Amino acid sequence: MHTFPLHPECPDLRRLADDPAEALLRAEADIVAAENAAEADRYRRLEDLEEAQQDGRGVTRRTFVAGAAATATALATAQFVTTSASFAATKTGTLIHVFLYGGLDGLSLVAPADDPVLAKARPDLLLGDDSLAVGRGFKLTSAFKPLEPWLKSGNLGFFPAVSDERLSRSHFQAADACNLGGLPGETGGRGWLDSLVDALGTGTAFRSVGIGSTLPRSLVGNNGALSLNNVGSLRLNGDDRYRAATEKAIKGLFTGINHPVQEAVQDGLGALATAQRLAAKPYQAAEGVEYKGVGNAFQQLAQLIKGGANVRVATVGMGGYDTHENQGTRDGGQLHRRLNELASAMAAFFTDLGEKSADVTIMVSSEFGRRVASNGGGTDHGHGGVVTVLSGRKLAGSLLGTWNGLDDLDSGDVPEYNNMFNVYGAVAQGRFGLTNAEVDKIFPRQKYRPMKLYA
């Protein structure tokens, strides 16, 4: 049996809940509800509306009960509250950033066809005759065969030779810089996607979501991004027996306080209601769609988007791309299998979304590329990777950005022909219609140079 501290206005807390924090929260909610009722009655009896406004009292100046009850309230609602509010016009659409951890060998994804430099440097890792044709003399691994319909329709494209001078060959350092949009000292440790959310205007608690057990660095910041493994996992902490009553108490506490926190808490409660509604019955994907592997993360996003959760920015992580050995390029190769799993998941997702895919863009990137030369079965860390874009809107081409060939390698690496953060910025700008100035704010110390993305 718990021992409850006495509260001067509600001495018997055991009747409210077994857990002290929940009992204190609900007790405070009862007190505030009584205060609200008394204030409402007082205002109804005021004869002059102007006098009531000048009086300056009432629920807008309400102070919370001090001590343990206030602490319980803060703990119970912390998962809802953001530290900043945006009042800009709300942008539309959804951007999903898929990050491939380990350093994708971009030349095993998309590469210039019949290139003599590649033939000499990596004869064991060349793309095969079963590759798909891409614009400007490039070809695409057959692992991406599930996405061929979108390639043919002009909705799938690739930026080659993508890097940034800030990136080292360290997984940790490079992944950190990619997710922050620069070095920690340049960004204050804030993720670039969280900075992007500032430009998107107000939205629901689902406006930024990381699918996974931990929040990626790209979403860390001021906007209270959600991190979840599945839609059903979003729930209020605490005893199941008192969850509904606790939600009601939180709602009562943060109603009519004339403060930005009210909107944040109401959004959070709305997110709980949405998640509970969506998780109440098994998700039914579109006919013929099957999610496997990393596709399970995309299924959660499909459930949210189709369920009207108004997701604006989301992330999916996928590992297994540090291919120092047994890399392979054809069926049976390690990298081929990983890329095929990714392509199958993206194809299933866009098929499942149907018409809603018109408002969705997926951007796939990794912390760095790999060396041009093979090491006898795999590749070592390098630069000049590939960024993949799948969009519901027709792209400017299947090979995007600048490509000046492999005749002049950068210490054995693919040169940086396309700056990573210009590519990120172009995708965000294209998806949400941002101004150049808005993109500049997302990437500190980086002067954004626009790139053509859409036709």
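Whatever comes next refers back to the structure up there.
*Asks:* Sorry if this is basic, but what is going on with the overall build of the protein chain here?
*Replies:* Per the secondary structure count, the protein chain includes 14 helices and 11 strands. For the protein chain, the proportion of contacts with a sequence separation of at least 24, taken over those separated by at least 6, is 72%. Here the protein chain has roughly 20100 Å² of accessible surface; of this, 50% comes from carbon and sulfur atoms.

*Asks:* In this structure, what is going on with unusual backbone geometry? I would like to understand it.
*Replies:* One non-glycine residue, R136, lies in positive phi territory at about 60°. Located in the positive-phi region is A161, a residue other than glycine, with phi close to 50°. Inspection of the secondary structure puts A161 in strand 5 (residues 156–163). Residue class for A161 comes out buried when judged on its relative accessible area of 2%.

*Asks:* Please clarify how the sheet that holds strand 4 (residues 138–140) should be interpreted in this entry.
*Replies:* In a beta sheet, neighbouring strands pair by backbone hydrogen bonds and run either parallel or antiparallel. Overall, antiparallel pairing links the three strands, which are arranged 2-4-3 in an open sheet. The strands lining the two open edges of the sheet, one partner per strand, are strand 2 (110–112) and strand 3 (132–134). Direction aside, the axes of adjacent strands within the sheet are offset by 35° on average. Pairing analysis gives three bridges linking strand 3 to strand 4, with the strands arranged antiparallel. The residue bridging A133 from the neighbouring strand is K139, located in strand 4.

*Asks:* Honestly, the pairing of strand 9 (residues 360–366) in this entry has me stumped. Any pointers?
*Replies:* Within strand 9, seven of the seven residues are buried, leaving the element largely enclosed by the surrounding structure. A two-sided burial pattern is seen for strand 9, the buried positions comprising V360, I362, V364 and S366 on one face and T361, M363 and S365 on the other. Direction of pairing for strand 1 (residues 94–100) relative to strand 9: parallel, over a ladder of seven bridges. Across the sheet, residue H97 finds its bridge partner in strand 9, namely M363. Where strand 9 and strand 10 (residues 385–391) come together, four bridges link them in antiparallel fashion.

*Asks:* Mind showing me how you'd approach helix 12 (residues 334–353) here?
*Replies:* The periodicity of an α-helix, 3.6 residues per turn, causes residues three or four places apart in sequence to face the same way. When the terminal C-alpha atoms of helix 12 are compared, their 29 Å separation across 20 residues agrees well with the 28 Å that a helix rising 1.5 Å per residue should span. Phi turns positive, to about 60°, at G354, one or two residues after helix 12.

*Asks:* Just checking my understanding: could you explain the sheet that holds strand 10 for this structure?
*Replies:* Strand order across the open sheet formed by eight strands is 7-6-8-1-9-10-5-11, with mixed pairing between neighbours. Strand pairing shows two members of the sheet lacking a second neighbour, strand 7 (226–228) and strand 11 (418–419), which therefore form its edges. Pairing geometry for strand 5 and strand 10, over five bridges, is antiparallel. The residue bridging L156 from the neighbouring strand is L390, located in strand 10. Along the sheet, helix 12 contacts strand 1, strand 8 (313–318), strand 9 and strand 10; its crossing angle with strand 9, the most-contacted strand, is approximately 170°.

*Asks:* Help me understand the nonpolar core, please; the structure alone is not making it clear to me.
*Replies:* Most often, soluble globular proteins have nonpolar side chains that are buried together. L140, F144, F349 and I362 are the most contacted members of the largest nonpolar core, which has 64 residues in total. The element best represented in this core is helix 12, accounting for 11 residues. Leave out the neighbours within four places in its chain, and F349 touches I96, Y291, F298, L301, A302, I305, V360 and I362. Grouped together as the second largest cluster of nonpolar side chains are 40 residues, V389, L400, Y424 and M451 included.

*Asks:* Would you explain the environment of N375 in this entry?
*Replies:* Along the polypeptide, N375 turns up in the loop between strand 9 and strand 10. With a relative accessible area of 36%, N375 lands in the partly exposed category. Here the alpha-carbon distance between N375 and H324, two residues 51 residues apart in the chain, equals 7.7 Å. Setting aside its immediate chain neighbours within four residues, N375 contacts H324 and D380. Within the local environment of N375, its side chain forms a polar contact with the backbone oxygen of H324, the two atoms lying 3.0 Å apart. Looking at N375, its side chain comes within polar contact range of the main-chain nitrogen of G378, at 2.8 Å.

*Asks:* Honestly, the side chain of D164 in this entry has me stumped. Any pointers?
*Replies:* Its place among the elements puts D164 in the loop between strand 5 and helix 6 (171–180). Residue D164 is classed as buried on the basis of its relative accessible area of 3%. Those residues in contact with D164 that lie beyond four places of it in its chain are E416, N419, M420, F421 and Q446.

What counts as what
Residue numbering note: each chain is counted from 1, following its sequence as written. The predicted origin of the model limits local features to residues at a pLDDT of at least 70 and limits the giving and counting of side-chain atom pairs to 80 or more, whereas totals for whole chains, interfaces and linings rest on all residues. To get the side-chain values, all heavy atoms of the structure are used, and hydrogens and water are removed first. Each helix is a run of H or I in the DSSP string that is no shorter than four residues. Each strand is a run of E no shorter than two, and both are numbered from the N terminus. Contacts between residues were defined by any pair of non-hydrogen atoms, one from each residue, lying within 4.5 Å. What sets the accessible areas is the Shrake-Rupley method with a 1.4 Å probe; for residues, cover comes only from the shown protein chains. Between buried and exposed lies partly exposed: a residue is buried under 20% and exposed over 50% of the maximum accessible area for its type, with that area taken using a 1.4 Å probe on protein chains only. Pairing between strands requires that DSSP locate at least two bridges from one strand to the other. Axis definition: a line fit to C-alpha positions, over the contact stretch in the case of helices; interaxial angles, taken between N-to-C directions, run 0 to 180 degrees. Helix span, expected: 1.5 Å multiplied by one less than the number of residues in the helix. What is meant by a nonpolar core is a set of buried Ala, Val, Leu, Ile, Met, Phe, Trp, Tyr and Cys residues, joined one to another through side-chain atoms within 4.5 Å. Definition of a polar contact: a pair of N or O atoms within 3.5 Å, with one able to donate and the other able to accept a hydrogen when the atoms are protein atoms, and with sequence-neighbouring residues admitted only if both atoms are side-chain atoms.

Without other data, these values stay purely geometric and don't point to any function.
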